[in-house]
Amino acid sequence: MIVPILTNISVPKAWASADYFNQEVIEMAQLEVKNLTKYYKDVLALTEVNFTVGKGEFVSIIGPSGSGKTTLIRCINRLVDATDGSIHYEGTDLLTLKGSPLRHARAKIGMIFQHYNLVTRLTVIENVLHGRLGYKSNIAGVLGIYSEHEKEKAIEVLSLVGLEKYVYRRCDQLSGGQMQRVGIARALVQDPAIILCDEPISSLDPSSAKIIMDYLRKIQNELGITIIVNLHQVDVAKKYAERILGFNSGRLVFDASPSDLTTDTIHHIYGAEAGELIIN
Amino acid sequence: MPAVGRYFCRQKLKFTLIFLGLVLIYWTASRITEFNLIDGFRAAPRVITWFFTNLIPDTKAWERFPRILDKLIETIFMSVMATVTAAVVSFVFAVMGSRTTRINTAIGGISRVVASINRNIPIAVWAMVFLLAFGQSGFTGFLALFFYTFGFLTRAFIETIDEASSSSVEALRAVGASYPHIITQAVVPSSLPQMISWILYMIETNIRSATLVGLLTGSGIGFMFSIYYKSLQYKSAALVILSLVAVVLTIELISNVLRRLIL
Ligand SMILES: Nc1ncnc2c1ncn2[C@@H]1O[C@H](COP(=O)(O)OP(=O)(O)OP(=O)(O)O)[C@@H](O)[C@H]1O
Ligand SMILES: [Mg+2]
């Protein structure tokens, strides 16, 4: 995509040099996790995890319960503080951030939760607008002052996830699948470059789950947002992801495309007994 | 004996011992206080007849009704004031003490301990403490109600915050919201109704307690009762009791309606 632009406009020589393109390749890695290690007191949750994620990728993380999937996701947006290692996101090391730089970094990272984590007593639109708080001053946020543009944007993302009829509905009157779509809208209104999802469909029935996964794919395809999603369902991961990261006891034991996921590798990720149960 | 059998055997033994212990405590206590349950029941009919012959307010009692009403209103206001003031302070302590919203563990621990001390000192003891410090006055009663209520509400609010808002607090933290944002946009909307419900409960309780506290601190309706009682004007004292019952029931009714509206 870059090449035609370069031929059409005159660019400084330095840009066109091989160095420039190398740098471009490095910058393609939007998220770069290096030697990430996490201890909860003396429980080792992640050991020396290394991987990179390119812009616009759809990555799925699988692994048995307690293998560290949630911990990894939460280390990225600093809901959990890693013990060691680094996480570079668009060039900055997230693990060193504090105060308002941390807030600004988080504002650019969306997150979707298994239990939706909405303020259920508030309306759909109020919950979606919470996604803008990362960009707000203390006073504006405390008073809940949002610009017209932000409100329009909120309505727009709500219609993107098919909730245009529920804008003023209180969230405790929605179904699980609808609440999760509010969760997606809240993440989208952040204008994120990446969305982290921690088991977004584990509390949903199969048809709502499919709707949610289809929206995530749509977001990736149409908006070019990177999606990283923890899943318990290997078949879902295979169907939607372009790349799968497999964890076992805090170690990254598999990093390849879904087509490389064979019975053997599944055994490797989940342990010997689980293989037959998952693949059928 | 198999392990499971031993386990249940031990459980049964434990409960038997606890039961026997309770019986022993009751027996000892009744010996010491010379209280006998059977005698207590036997006295009941006599108490009831005495009630109806001596505690029906007469015309003299009704003449005093406006003064009683005055004191009653004073007591209600004092309870409401003490509760609301305590609620504001409690909210701050609860935000500091809640696992979800505390700034750090040290401040969290301190505010929990302060609240717990306040809560565990009975309200009558608070009244005595302030009686020594400030003498008999309405303010003394206010302070006693305030400190106990503060301890109680802080604990209730901490539980409310942890229960109602921990998940949405996490979500707001993840979007980059600041601490004031999180408190006002997630904690307050999700916990406020439950908190108001606790405040209403505490107002009800405090109107009852204020009467007892008033006996000690010489204020409000409790003091009025003790004056009538000590000057042997039982029928006026009875009117005080009856109007208190009416007030307590009314307040409970009102707060039930309010609860239904907000929850
Ligand atoms: N707050 C915590 N305190 C102590 N240990 C924790 C904490 N959170 C997670 N752990 C431990 O860290 C390890 C990894 O947990 P994590 O929640 O990341 O696993 P997971 O892969 O998400 O599991 P699941 O599939 O069940 O959600 C587990 O051994 C877990 O017990
Ligand atoms: Mg998990």
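If you're wondering where the values come from, they're calculated on a predicted model, not measured in any experiment.

**Q** What's the story with the interface of chain B and chain A in this structure? I'm lost.
**A** You'll often see interface size given as the accessible area lost when the parts meet. Between chain B and chain A, the residue contacts involve 21 residues of the former and 28 residues of the latter. Together chain B and chain A conceal approximately 1900 Å² of surface at their shared face, both sides included; 60% is due to carbon and sulfur atoms. A per-residue breakdown of the area chain B buries against chain A is headed by Val175, His181 and Gln185 of chain B, which together make up 31% of the total. Between the two partners, chain B and chain A, sit one salt bridge. For the salt bridge of Arg74 of chain A with Glu170 of chain B, the shortest nitrogen-to-oxygen distance reads 2.5 Å. At the surface where chain B touches chain A, the tally comes to nine residue pairs in polar contact (both at pLDDT 80 or more). Within the residue set of the side of chain B that touches chain A, elements represented by two or more residues are α7 (138-174) and α8 (179-217) of chain B. Sort the elements by how many residues they give to the side of chain B that touches chain A and α8 of chain B lands first, with eight residues. Partitioned by chemical class, the residues of the side of chain B that touches chain A number 11 nonpolar, eight polar and two charged.

**Q** Where do I start with the nonpolar core in this structure?
**A** For soluble globular proteins, nonpolar side chains are generally found buried alongside one another. Grouped together as the largest cluster of nonpolar side chains are 89 residues, with contacts concentrated most on Val128, Ile184, Ile195 and Leu216 of chain A. With nine residues, α8 of chain B is the single largest residue contributor to this core. If we ignore the near neighbours within four places in the chain, the residues touching Ile184 of chain A are Ile112, Val161, Ile212, Tyr215, Leu216 and Ile219 of chain A.

**Q** Can you walk me through the site of ligand 1 in this structure?
**A** Residue and element names in this part refer to chain A. Around ligand 1 sit 13 residues, and of these Ser65, Gly66, Lys69, Thr70 and Thr71 come closest. The side chain of Thr70 places a nitrogen or oxygen atom 2.6 Å from an oxygen atom of ligand 1. If ligand 1 stood free it would expose 630 Å²; the protein chains cover 60% of that surface. Broken down by secondary-structure element, the contributors of at least two residues to the shell around ligand 1 are β2 (43-54) and α4 (69-76).

**Q** Explain the packing of aromatic side chains here, please?
**A** Working definition: an aromatic ring pair is given by the centre-to-centre distance plus the angle between the planes. A complete count under the given rule lists 17 aromatic pairs over all chains for this structure. Each ring, one from Trp126 of chain B and one from Phe130 of chain B, has its centre 5.6 Å from the other, and the planes form 10 degrees; the classification is stacked. Residue Trp126 of chain B and its partner Phe130 of chain B are both found in helix α6 (residues 123-134); the two are separated by four residues, about one turn of the helix. Side by side, Trp126 of chain B and Phe130 of chain B carry an identical accessibility label, which is buried. The rings of Phe93, Trp126, Phe130, Phe134, Phe139, Phe142, Phe146, Phe147 and Phe150 of chain B are connected pair by pair, giving a single aromatic cluster. Seen from the ring of Tyr40 of chain A, Lys38 of chain A lies directly overhead, with NZ or CZ sitting 4.9 Å from the centre.

Procedures and definitions
Starting from 1, residues in each chain are numbered consecutively following that chain's sequence as written. Chain letters start at A and ligand numbers start at 1, both assigned in the order the entries are written. Local features are withheld for residues below a pLDDT of 70 in this predicted model, meaning they are given only at 70 or higher, and side-chain atom pairs are given and counted only at 80 or more; totals for whole chains, interfaces and linings count all residues. Note that water and hydrogens are dropped before the side-chain values are worked out from all heavy atoms of the structure. In this description, contact between two residues means that some pair of their heavy atoms is separated by no more than 4.5 Å. We define buried area as the total accessible area lost by two parts upon association, computed with a 1.4 Å probe and summed across both. By convention in these notes, a salt bridge is any Lys or Arg side-chain nitrogen within 4 Å of a carboxyl oxygen on Asp or Glu. Pairing of N or O atoms within 3.5 Å defines a polar contact, subject to two protein rules: one partner must be a possible hydrogen donor and the other a possible acceptor, and residues neighboring in sequence count only if both atoms are side-chain atoms. Only DSSP runs of H or I reaching four residues or more are called helices, and only runs of E reaching two or more are called strands; each is numbered from the N terminus. Asp, Glu, Lys and Arg are counted as charged, while Ala, Val, Leu, Ile, Met, Phe, Trp, Tyr, Cys and Pro are counted as nonpolar; the rest, among them Gly, fall into the polar class. The definition of a nonpolar core used throughout is a set of buried Ala, Val, Leu, Ile, Met, Phe, Trp, Tyr and Cys residues joined through side-chain atoms within 4.5 Å. Only protein chains enter the accessibility calculation, which uses a 1.4 Å probe; a residue is then buried when its area is under 20% of its type maximum, exposed when over 50%, and partly exposed in between. Consider each residue's heavy atoms; a residue with any of them within 4 Å of a molecule or strand counts as near. Accessible areas in this description were obtained via Shrake-Rupley with a 1.4 Å probe; residue shielding takes into account the shown protein chains only. Each Phe, Tyr or Trp ring, with Trp reduced to its six-membered ring, pairs with another whose centre is within 6.5 Å; inter-plane angles below 30 degrees give stacked pairs, above 60 give edge-to-face pairs, and intermediate values give tilted ones. Any Lys NZ or Arg CZ that is within 6 Å of a ring centre and within 35 degrees of that ring's normal is treated as a charge sitting over the ring.

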